[in-house]
Amino acid sequence: MATKCKHEYFCYGLYRELKEYEDYVVTIRTRSGDLIQGVLDDCTKYGIVKIYQQDTLSPFMEEQLTFIRIDDIESCSVTDVDDDDDDD
């Protein structure tokens, strides 16, 4: 990874894992306790994660692009969006 952070090994490992899940729905918990949920658009080699958050009705929020630094991520969950498991 091109940038230095105080959690260098964690950040590089998380960068490599997140690159595998671009275009999947992710839920990210930040170190400050915030939750960010949306489609993972990109994870750059500079340690920036781009997430498209879908619009919601309650509370109303338009679709938005959110940027977060990898070293601010506490944990991340990935939701598989493929519906190819229908065997019927």
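Shown above is the structure to which this text applies.
Given the structure is predicted, the values throughout are model-derived calculations rather than measurements.

Caption draft 1: Representation of the packing of aromatic side chains within the structure. Under the definition given, this model contains one aromatic pair. With centroids separated by 5.6 Å and ring planes inclined at 80 degrees, the aromatic side chains of Tyr 21 and Tyr 24 adopt a geometry described as edge-to-face.

Caption draft 2: Summary view of the sheet that holds strand β3 (residues 48–53). The strand order β4-β3-β2-β1-β5 describes an open sheet built from five strands, whose pairing is antiparallel. The two strands at the open ends of the sheet, each matched to only one other strand, are β4 (64–69) and β5 (73–79). The mean inter-strand angle of the sheet, taken between neighbouring strand axes irrespective of direction, is 40 degrees.

Caption draft 3: Representation of the nonpolar core. Leu 18, Ile 28, Val 49, Ile 51 and Ile 73 are the most contacted members of the largest nonpolar core, which has 13 residues in total. At the level of secondary structure, the elements contributing two or more residues to this core comprise α1 (8–19), β1 (25–30), β2 (35–43) and β3. Non-local contacts of Ile 51, meaning those with residues more than four positions away in its chain, are made with Val 26, Ile 28, Ile 36, Gln 37, Gly 38, Val 39, Leu 40, Asp 41, Gln 64, Leu 65 and Thr 66.

Caption draft 4: Inspection of the pairing of β3 at higher detail. Where burial is concerned, the two faces of β3 differ: the one with Val 49, Ile 51 and Gln 53 is buried and the one with Ile 48, Lys 50 and Tyr 52 is not. Relative to β3, β2 runs antiparallel, the two sharing four bridges. Residue pairing for β3: Asp 42 is matched across the bridge by Lys 50. Hairpin connection between β2 and β3: a loop of four residues separates the two successive antiparallel strands, and Gly 47 in this loop has a positive phi of roughly 90 degrees. Bridge count for β3 against β4 is six bridges, and the pairing is antiparallel. In the strand pairing of β4, Tyr 52 is matched with Leu 65.

Rules and cut-offs
Residues numbered from 1 in each chain as written. Predicted model: local features only at pLDDT ≥ 70, side-chain atom pairs only at ≥ 80, totals over all residues. Heavy atoms only, no water. Phe/Tyr/Trp six-rings, centres within 6.5 Å; stacked < 30°, edge-to-face > 60°. Pairing = 2+ DSSP bridges. Helix = DSSP H or I, 4+ residues; strand = E, 2+ residues; numbered from the N terminus. Axes fitted to C-alpha atoms, helices over the stretch in contact; angles between N-to-C directions. Core = buried A, V, L, I, M, F, W, Y, C linked by side-chain atoms within 4.5 Å. Buried < 20%, exposed > 50% of the residue type's maximum accessible area, 1.4 Å probe, protein only. Contact = heavy atoms within 4.5 Å.

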